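Residue-level structural notes
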Amino acid sequence: PRLLSQFFFADERVTRVVAEINGLDAELDPQQYLVLLNQLHLSQAHLLAVLERIMEECIPTQRHSRDYLVKFPEELLVDNLGNHMLFAAECLLAGTFLEVEESDGAQLRPRARNLLCSLELVRTVLREQSLSQPNSYPEPVRAVLIQFDRLFAEFELSYVSSLVAVKSPDEIYRQQEIIVLFCETVERALHLGYLTQEMIDGYEPLLMFTIPRLAIISGLLIYPEGPLSLERSPEEMSRVFSPFYNLLKKIRDLLRVLSAEELCLLERSLCTAE
């Protein structure tokens, strides 16, 4: 159950697979090379997972901020992102630019080198600690973990920023506005009896259509200063809604001519129509 012991065996596995790859002629046995490469990725992922748990146990209040993750596209926020960053750093250090432009890769190489050197130092220090005192984390161990955590975060942010367009603070704020709009829409729909708490607690599939429809009406009529405000230009709106700027104007104009009874009837119909 000791994390340092788990790290020792995870590190041994990585070392063993690397040794097998180095001793193999990839041109003579390309299939075995691919098998070993896959084993390396899996063993490195396990090593990083154990290392993450060690840092949470050893330096929980000294971790480098990961607030920048909210800027990343959702499709990048996967469980193996850390392992992908490690692989990217190894490629950059080898002079291979798989995903980024060569100019960006050249700028990222020093960060990649610092990260991989820090990882090697962490592996050495933790191996020694696991063999001597596997139940404690003295200050030198904490120091190398803090440094590695910082370098990893800095490389991750720099690499992803060169790979894709990360969200700006304005776009993040606009997304938060949409979240608030949806929450207020659900609260209003519950109050008016359009929805029931049982539907929400039971994850009623119809809600995937109902809530966005009601949110459009709420955003155009009930909360006109929110994320659907048409007083803004399309460029100032969230990318979720900006492509439909002209359509939203037409919907708002149609909604404005409805009476309170007609609006209620419309909203109720939107809660049942497929």
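Per an unreviewed UniProt entry, the recorded name for the protein chain is LST2 protein, and the organism is Falcunculus frontatus.

1. Considering the packing of helix α2 (residues 30-58) against helix α4 (residues 102-132)
It is at 13 Å that the axes of α2 and α4 come closest, and there the two elements cross at 70 degrees. It follows that α2 is roughly perpendicular to α4 by the angle criterion. Between α2 and α4, the residues in contact are Leu-47, Leu-51 and Ile-54 and Leu-119, Val-122, Arg-123 and Leu-126, respectively. For the contact of α2 with α4, the residue count by class is six nonpolar, no polar and one charged.

2. So, the state of the cysteines
Within the structure shown, the criterion is met by zero disulfides. Free of any disulfide, Cys-264 has its nearest cysteine sulfur in Cys-271, 9.4 Å distant. With relative accessibility at 7%, the residue Cys-271 sits in the buried group.

3. Section: the domain arrangement of the protein chain
If you check the domain split of the protein chain, you get domain 1 (3-163) and domain 2 (169-271). Put simply, the middle of domain 1 and the middle of domain 2, counted by C-alpha atoms, are 43 Å apart.

4. Concerning the side chain of Asp-149
As for its placement among the helices and strands, Asp-149 is situated in helix α5 (residues 139-163). Take Asp-149: its relative accessible area is 1%, and that puts it in the buried class. A distance of 3.0 Å separates polar atoms of two side chains, one belonging to Asp-149 and the other to Arg-63. Leave out the neighbours within four places in its chain, and Asp-149 touches Met-55, Arg-63, His-64 and Arg-66.

Cut-offs and rules
Residues numbered from 1 in each chain as written. Predicted model: local features only at pLDDT ≥ 70, side-chain atom pairs only at ≥ 80, totals over all residues. Heavy atoms only, no water. Axes fitted to C-alpha atoms, helices over the stretch in contact; angles between N-to-C directions. Helix = DSSP H or I, 4+ residues; strand = E, 2+ residues; numbered from the N terminus. Parallel < 35°, antiparallel > 145°, perpendicular 65-115°, else oblique. Contact = heavy atoms within 4.5 Å. Nonpolar A, V, L, I, M, F, W, Y, C, P; charged D, E, K, R; others polar. Disulfide = S-S within 2.5 Å. Buried < 20%, exposed > 50% of the residue type's maximum accessible area, 1.4 Å probe, protein only. Domains from an automatic or database assignment. Polar contact = N/O pair within 3.5 Å; in protein donor to acceptor, adjacent residues only side chain to side chain.

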